[in-house]
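Observations on the model geometry
One-letter residues, chain by chain:
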Amino acid sequence: MNNLQKKYKIAVLPGDGIGPEVMQEAYKIIKILNKKFNTKIYTKEYDIGGIAIDKYGKSLPKKTLVGCEKSDAILLGSIGGPKWDNLPSNKRPEVSSLLFIRKYFKFFINLRPSILINKLHNLSPLNKKISKKGFNILCIRDLTGGIYFGKPSKEVKEKNKHYAIDTTIYHTYEIKRIAKIAFEEAMNRKYKVLSIDKSNVLQTSKLWRKTVNKISINYPKVKLSHLYFDNAVMQIIKNPNKFDVILCPNLIGDIISDQCGILTGSIGMIPSASINEKKFGLYEPAGGSAPDIQGKKIANPIAQILSLSMLIKYSFNMNNLSNLINLAVKKTLLKGYKTYDISNGKKFLSTKEMGNEIVKSLIEG
Ligand code: NAD
């Protein structure tokens, strides 16, 4: 049975803020895929985040978790907002649902593409001389290791001492599995991997670099380079066009992926994928629930639509369809259609109109 004949189930979690608004536009794309490309993609919606707290008293109801378990992939909108910001930190929607889900399904890798089409270089905050070349960076970040999860992590008050401690640990198996994916991604792109670390100072970074070097031997066609974190931040700003796949430990990737994202002009266009060893994944826009624009019908649906595209590629293995969705987004932008966030205050489309234009471009092929 080929992938088009197979039935796929997506657990759709629209969440809070602009989440439900942009999710409507992703639904339109699924409808076209089923109608025009004969896919058999089924969706079922579940509550998560603030809306679930309001309805059920908890941000991740059992029904939602079970729904995710019974699905082939999860498509998330966004979670949180001012209404729930003052809850104790372990009850805040992001912590009590999103971080839990990431851990529960053992998502160990986060992939975030940041693309600036050269014809749309004026969207970027970069100097025109740099931005006019455009760029296409895939930032690959470890999600389970490093300083965010190492133990001990605590504040200590003793007799004459008051300090805090966090611990960074990396196991070679964690580095190997993410490095392999980085090289495999590069084989389908421009054959370049940049690995970022701080191996001039940190033992974990020394092991990171040594292990990435070892894995690279299996990918002779891919050019591997290394940069220290501080230098990498500068080089990416100076010439993002030079980079292809960027491979990062957890903390470094947290920062670098945001840096690459904003260089495209709007967080509203950046999708992301968090995946486990079985290619089961959670796909979501890189941005949050954007309470400042909620209900104004001006949110950019592109990040949500491209998150769906990543889902179709990584969890459903339908690369061609994913490419067609990406192409439809690119075509729509090149036709000159813009949402508020990328319009510089000039003429712009509503969320719904932008979704409709992307659907039109997808149908045109
Ligand atoms: P945010 O990403 O929601 O908003 C930052 C800025 O980006 C805002 O000006 C917003 O209008 C804009 N923006 C974001 N997405 C956009 C889109 N699709 N189209 C147009 N503009 C867009 O970050 P924030 O304001 O710091 O956080 C708001 C809430 O979201 C908080 O409660 C935060 O905890 C939560 N949050 C959730 C997630 C998630 O669900 N994964 C991620 C980050 C933040």
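Description of the structure in this document. Keep in mind that what you see is a predicted model, and the values were worked out from it rather than measured.

Reading the values: the criteria
- Residues numbered from 1 in each chain as written.
- Predicted model: local features only at pLDDT ≥ 70, side-chain atom pairs only at ≥ 80, totals over all residues.
- Heavy atoms only, no water.
- Pairing = 2+ DSSP bridges.
- Helix = DSSP H or I, 4+ residues; strand = E, 2+ residues; numbered from the N terminus.
- Axes fitted to C-alpha atoms, helices over the stretch in contact; angles between N-to-C directions.
- Patch = residues over 30% accessible without salt bridge, like charges linked within 9 Å, V, L, I, M, F, W, Y side chains within 5 Å.
- Areas by Shrake-Rupley, 256 points an atom, 1.4 Å probe, with all protein chains shown as cover.
- Salt bridge = Lys/Arg side-chain N within 4 Å of Asp/Glu carboxyl O.
- Lys, Arg positive; Asp, Glu negative; His and termini not counted.
- Charge placed at Lys NZ, Arg CZ, Asp CG, Glu CD.
- Buried < 20%, exposed > 50% of the residue type's maximum accessible area, 1.4 Å probe, protein only.
- Disulfide = S-S within 2.5 Å.
- Near = heavy atom within 4 Å.
- Polar contact = N/O pair within 3.5 Å; in protein donor to acceptor, adjacent residues only side chain to side chain.
- Nonpolar A, V, L, I, M, F, W, Y, C, P; charged D, E, K, R; others polar.
- Expected span 1.5 Å × (residues − 1).
- Contact = heavy atoms within 4.5 Å.
- Parallel < 35°, antiparallel > 145°, perpendicular 65-115°, else oblique.
- Phe/Tyr/Trp six-rings, centres within 6.5 Å; stacked < 30°, edge-to-face > 60°.

Before going further, it helps to spend a moment on the sheet that holds strand 10 (residues 245-248). With respect to topology, 10 strands assemble into an open sheet ordered 2-1-3-12-11-4-5-10-8-9, the strand pairing being mixed. Edge positions in the sheet fall to strand 2 (40-45) and strand 9 (223-228), since each of these pairs with one other strand and no more. With strand direction ignored, the average angle separating the axes of adjacent strands in the sheet is 20°.

Let us now look at a positive patch on the surface. A cluster of basic residues, Lys9, Lys44, Lys63 and Lys70, forms a positive patch on the protein surface. Positionally, lysine 9 belongs in strand 1 (residues 7-15). When its relative accessible area of 44% is taken as the criterion, lysine 9 is described as partly exposed.

Time to look at the state of the cysteines. Per the stated rule, a full pass over the model turns up 0 disulfides. Of the cysteine sulfurs around cysteine 139, a residue in no disulfide, the closest is that of cysteine 248, at 4.2 Å. Residue cysteine 139 is classed as buried on the basis of its relative accessible area of 1%. In this structure cysteine 260 is not part of a disulfide, and its nearest cysteine sulfur, from cysteine 139, lies 5.2 Å away.

Our focus in this paragraph is the site of the ligand. The full set close to the ligand counts 22 residues, and Ile79, Glu94, Gly288, Ala290 and Asp292 are the nearest of them. Taking glycine 288, its main chain carries an N or O atom lying 2.7 Å from an oxygen atom of the ligand. Calculation on the ligand without its partners gives an accessible area of 810 Å², and the protein chains cover 68% of this total. Residue classes in the shell around the ligand are distributed as 8 nonpolar, 8 polar and 6 charged.

This part takes up the pattern of salt bridges. Between side chains of opposite charge, pairing is possible as soon as their charged atoms come close. This structure, assessed with the given rule, holds 16 salt bridges. For arginine 92, the salt bridge identified is with aspartate 85, shortest N-O distance 3.3 Å. A residue is classified by how much of its surface remains accessible, and arginine 92, at 24% relative accessible area, is partly exposed. Here glutamate 185 and lysine 313 are joined by a salt bridge, their closest N and O atoms 4.0 Å apart. Here glutamate 185, found in helix 6 (residues 172-187), pairs with lysine 313, found in helix 10 (residues 302-314); they are 128 residues apart in sequence, far enough to count as distant.

This brings us to helix 1 (residues 19-36). Helix length check: helix 1 (18 residues) gives 26 Å between terminal C-alpha atoms against 26 Å at 1.5 Å per residue, within 8%. Within helix 1, burial applies to Gly19, Val22, Met23, Glu25, Ala26, Tyr27, Ile29, Ile30, Ile32 and Leu33. Among the structural elements, strand 1, strand 2, strand 3 (73-78), helix 10, helix 11 (319-334) and helix 12 (351-364) are those in contact with the buried residues of helix 1. Downstream of helix 1 by a residue or two, asparagine 38 has a phi angle that is positive, lying close to 60°.

Turning our attention to the pairing of strand 6 (residues 150-157). The two faces of the sheet receive side chains in turn, since in a regular strand these alternate between them. Where strand 6 lies against strand 7 (residues 162-167), 5 bridges are found, and the strand directions are antiparallel. Its bridge partner being in strand 7, lysine 154 is matched across the sheet by isoleucine 165. The turn joining strand 6 and strand 7, which pair antiparallel and follow one another in sequence, is formed by 4 residues.

At a minimum axis separation of 11 Å, helix 8 (residues 229-238) and helix 9 (residues 250-262) run at an interaxial angle of 10°. It follows that helix 8 is roughly parallel to helix 9 by the angle criterion. Along its contact with helix 8, which presents Phe229, Val233, Ile236 and Ile237, the element helix 9 presents Ile252, Ile255, Ile256, Gln259 and Cys260. Residue composition of the contact of helix 8 with helix 9, by class: 8 nonpolar, 1 polar and no charged.

A word on the packing of aromatic side chains. Inspection of the entire model under this criterion finds 9 aromatic pairs. On the basis of an interplanar angle of 20° and a centroid distance of 5.6 Å, the ring pair of phenylalanine 100 and tyrosine 104 is categorised as stacked. Of the two residues, phenylalanine 100 and tyrosine 104 are both situated in helix 4 (residues 93-104); the distance of 4 residues between them amounts to about one turn of the helix. The class for phenylalanine 100 is partly exposed, based on a relative accessible area of 39%. Plain terms: the ring middles of tyrosine 104 and phenylalanine 105 are 5.1 Å apart, the flat faces sit at 85° to each other, and that makes the pair edge-to-face. Given a relative accessible area of 10%, phenylalanine 105 falls into the buried group.

Right, let's get into unusual backbone geometry. Of note, the amide linkage connecting lysine 151 to proline 152 takes the cis form, showing an omega dihedral of 5°. Turning to its location among the elements, proline 152 is positioned in strand 6. Residue lysine 106 is not a glycine yet carries a positive backbone phi of 55°. Of note, lysine 106 is situated in the loop between helix 4 and strand 4 (109-116). With a relative accessible area of 63%, lysine 106 lands in the exposed category. Non-glycine residue lysine 279 carries a positive phi angle of around 65°. With respect to the helices and strands, lysine 279 occurs in the loop between strand 11 (271-275) and strand 12 (281-285). For lysine 279, a relative accessible area of 44% translates into the label partly exposed.

By themselves, these figures tell us nothing about what the structure is for.
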